[in-house]
Amino acid sequence: MAPPNITNIRTSSDGAWQGDSPLNCAFPLLIVQTTLVLFTSHFLAFLIKPLRQPKVVAEIIGGILLGPSALGRNKEFLHLVFPSWSTPILESVASIGLLYFLFLVGLELDLSIIRKNCKSAFKIALAGITLPFLFGAGVSLFLKKAVNGENKVGYVQFLVFIGVALSITAFPVLARILADLKLLTTPVGQTAMAAAAFNDFAAWIMLALAVAVAENGEAHKSSSLISVWVLISGVAFVAFMLMVVRPIMSCVSRQCSSEHHVVDDVYICLTLAGVMLSGLVTDLIGIHSIFGALVFGLTIPKGGDFAVRLMKKIQDFVSGLLLPLYFASSGLKTDVAKIQGVEAWGLLVLVTSMACTGKILGTFVMAMLCMIPVRESLALGVLMNTKGLVELIVLNIGREKKVLNDEMFAILVLMALFTTFLTTPAVLAIYRPLRRVTFPPKRQLDRQSCPDANNRDEFRIQACIHGPENVPSLINLTELFRTTKKSPLKLYVMHLLEFTERSSSILMVQKARKNGLPFTSRFRRGISHDQIFAAFKTYSQLGKVSVRHSTAISSLSTIHEDIFHVTEEKRIGLIILPFHKRWRGVLDEDAIDSVCHGWRDVNLTVLQTAPCSVAVLVDRGFGCAFDRKAVKSSASVLKKVCIIFFGGPDDRKALELGKRMADNTVVKVTLVRFIGNARAETRSSAEWADSDICTKSNGGIFSVAPGVVDEVAVEEFKRNWNGSIEYEEKMISSNIKDELLMIGQSRDYELIVVGKGRFPSFVEAKLSDHQAENVGLGPVGNMLASSDHGILASALVIQQADNAADGNEGGVSKMVSDKDGKVTHEMAAAAAESCV
């Protein structure tokens, strides 16, 4: 088919059946180009994921591969998929995405972070801009002579673009690298984020000046005052946006806050239109339209729900669809073949060296002067050397203004790609505060989980929460464990936040004022007004419980590493996880408030690999939404807890936690034990000592049947807490499922505590036909957590650490007999006590 007439391009085709090729029409060709770009970028992102590289690296490489450097060397492919007449269409669509991306960058840049953060971040950013800019100014003298065609460009324009290209830091890309390296909430990460925010803001101002200078040098050589008028107009525009538009957007943000329960879509649409209008105004001034979108984003308050709502509305469409098109259009302009000969490749090495040396050296020296340790200072330098999309924007504008030719453009694109690719491995080699957890010996670690081992030891609980909705139930659960008779209680609260590719994640990082590693030793005035901090601060004062708060911001696939790091460092005995579903309402209302299957996978990973005991709290309004109409007035004070006991290490761990609850005067504990036969029901601990419960093994060591350990544990529990607990026994029958559901559906208990599994074999046979809905909670825990059975009570599903379970069984198996070869009652009780 003959190529279409460029002056008469149609939007859509008549179809292949009429002999019309869709690739000769604008819209079908745009669909093909978009599909190819998305497939290439996502495929490359999958390939480099093991290298822990940000997605922007894959998108840059994908754009280069589609361009004349690789696939585009085939002229037939280039003319078929990316014909020259389609370039303005592709770039126009990509520019819309670029406009809204800069708007998102403006939303991410919180100027208060720059104002309120430590002075060291400001000094580091200033040094990280000044030195590489000076290096760029110096090397531009050599490049202007060495690169063919650049001698025709004005020196000021060339110097400014080279200086900006070498001194800029990609703020969004840096945030994602920090999250992947577990540095986002560390002092190094916080300093890097603040410095990068200032760097980004200063770089955009320099870029606006560079564009104004380039316009003056290219088209307005007759008037030297043009650049001055452009500068004055730009300053007036910024002043108007900050003094007039910003108060208006603050009013809109308050109107769309969560207190009003709804965000009117009219405000969203008007805001998106404001982005386009702001870009148009700056384009009329003579500054690139992206600068207007950036300034408009700065006018929107960062603390409300309106900014997050805006991000969620446009983030996926812009970053997932339109930005890859911008990388593709950049790749179509990048021809690596233009870099020919040793001299040209030497220029690439020179530019890359100057960029890295200037940024790393300037940041490192200033960080050392600010009394930051050597490794952290060097890591800051490498992090601040991150390039990315912001770099490509600068380079594309420079090429558009004819300041950079094809060879210089290709050199600078490869420089940006190399420096970004180098960031992650370099930081990993220099500085890794969050190392892989190396667990201590099994028995030594789990000793902390048994508070009775040493009454002077603290019982340390690590409670993970997803948000404010988990706070009331967690505080009520902690109250059950608080007692004056046993070891003191220390609560480590870890707020888990998912870091995603969304720009809203960066806002979330800026709201996280405190880092969890190390923990804050106390709540300090003015640090945060977050309601989670306030709630636990009040509880620590009124409840006289030692509470430490931390925040973990990471992707869901690696957030368990943050949890386990604290588990090791703080010698945690019990991890409490929130269930991935939460119910709202009381009585028979069973509406699911939130469902996130990603958190279910996190819970499963923690259950499978945790070094200590784990409990999953299935919250149905524990202590808050209980049916108070159906209970007596005294129940408003007493917390009614039911412990279901079948046997096995998990149930014995539940019984251990029941000891602490039974010591609490405001808790009424009921132990419901399911037994397998009538003989076990009437058998006492005195009879065990004279029976054949032990078998002799090599070396005179006796092993005890697991069922005996359960018997001893229950009898010891009944004997010590006989006056403060209720005890029931039920026979294990064919309708065991109905009996369990009856307990959960009754209004007699607010909380049901049950072991995850590892029941005796006869119990597993009774429950084996029940299909698991929530993997990881065991058969009983699954029934109590199900949304199909009308369960009213909250549930706490306990998993004893595998190492502790083995150790306990081992402790019983090593009991030494007396001369007659029998285990005494006192020794059995002591063994059971060590197990429980």
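Being a predicted model, the structure only gives us computed values, none of them experimental.

1. Digging into the overall build of the chain
Assigned secondary structure in the chain consists of 32 helices and 15 strands. Going through the 836 residues of the chain one by one, you find that 55% of them count as buried. As displayed, the chain has an accessible area near 36100 Å², and 58% of this comes from carbon and sulfur atoms.

2. Things to note about the pairing of strand β7 (residues 613–618)
When you tally the buried positions in β7, you get six out of six residues, the bulk of the element. Side-chain alternation along β7 places Ser613, Ala615 and Leu617 on one buried face and Val614, Val616 and Val618 on a second face that is also buried. Pairing of strand β4 (residues 574–578) with β7, which is carried by five bridges, proceeds in the parallel orientation. Along β7, the bridge assignment pairs leucine 574 with serine 613. Both β7 and strand β14 (residues 794–799) contribute to a ladder of five bridges, which runs antiparallel. Among the inter-strand pairings, alanine 615 is bridged to a residue of β14, identified as isoleucine 798.

3. Concerning helix α6 (residues 119–146)
At 3.6 residues per turn, the α-helix brings residues three or four places apart onto the same side. The end-to-end C-alpha distance of α6 is 40 Å, a good match for the 40 Å that 28 residues give at a rise of 1.5 Å each. Residue serine 140 marks the point of greatest curvature in α6, where the axis turns by about 30 degrees.

4. Quick word on the sheet that holds strand β13 (residues 751–755)
The strand order across the open sheet built from ten strands is β3-β2-β1-β4-β7-β14-β13-β8-β9-β12, with neighbouring strands paired in mixed fashion. In this open sheet, the two edge strands, each paired with only one partner strand, are β3 (546–554) and β12 (725–731). Averaged over all pairs of adjacent strands, the angle between their axes in this sheet comes to 20 degrees, without regard to strand direction. Two elements, strand β1 (residues 459–465) and strand β2 (residues 489–498), share seven bridges in a ladder whose sense is parallel. Along β2, the bridge assignment pairs glutamine 462 with tyrosine 492. Lying on the sheet, helix α23 (residues 597–609) is in contact with β2, β4, β7 and β14; it crosses β7 at an angle near 155 degrees.

5. Some words on the nonpolar core
One recurring pattern in soluble globular proteins: nonpolar side chains tend to sit buried together. Grouped together as the largest cluster of nonpolar side chains are 138 residues, with contacts concentrated most on Leu102 and Met408. Here this core takes 15 residues from helix α9 (residues 187–219), the largest share from any one element. Apart from the residues within four sequence positions on either side, methionine 408 is in contact with Leu143, Val147, Glu150, Phe158, Ile162 and Val351. Counting 45 residues, the second largest nonpolar core, distinct from the first, contains Ile575, Leu577, Val614 and Ile752.

6. Some words on the packing of helix α7 (residues 155–167) against helix α17 (residues 406–430)
Their axes nearest at 11 Å, the elements α7 and α17 cross at an angle of 20 degrees. Taken together, the axis directions place α7 and α17 in an arrangement best described as roughly parallel. Note that α7 runs across α17; the crossing there is right-handed. Contacts between α7 and α17 involve Phe158, Ile162, Ala165 and Leu166 from the first element and Met408, Leu412 and Met415 from the second.

7. Quick word on the pattern of salt bridges
Considering all chains together, one arrives at eight salt bridges under this definition. One continuous salt-bridge network, built from bridges that share partners, spans Arg10, Asp14 and Asp20.

8. Let's talk about the environment of leucine 604
Relative to the assigned elements, leucine 604 resides in helix α23. A C-alpha to C-alpha distance of 5.8 Å links leucine 604 and glycine 776, two positions 172 residues apart in sequence.

Definitions and cut-offs
- Residues numbered from 1 in each chain as written.
- Predicted model: local features only at pLDDT ≥ 70, side-chain atom pairs only at ≥ 80, totals over all residues.
- Heavy atoms only, no water.
- Helix = DSSP H or I, 4+ residues; strand = E, 2+ residues; numbered from the N terminus.
- Buried < 20%, exposed > 50% of the residue type's maximum accessible area, 1.4 Å probe, protein only.
- Areas by Shrake-Rupley, 256 points an atom, 1.4 Å probe, with all protein chains shown as cover.
- Pairing = 2+ DSSP bridges.
- Expected span 1.5 Å × (residues − 1).
- Bend = angle between axes of the 7 residues up to and from the residue.
- Axes fitted to C-alpha atoms, helices over the stretch in contact; angles between N-to-C directions.
- Contact = heavy atoms within 4.5 Å.
- Core = buried A, V, L, I, M, F, W, Y, C linked by side-chain atoms within 4.5 Å.
- Parallel < 35°, antiparallel > 145°, perpendicular 65-115°, else oblique.
- Left-handed = near helix turned anticlockwise from the far one by under 90°.
- Salt bridge = Lys/Arg side-chain N within 4 Å of Asp/Glu carboxyl O.

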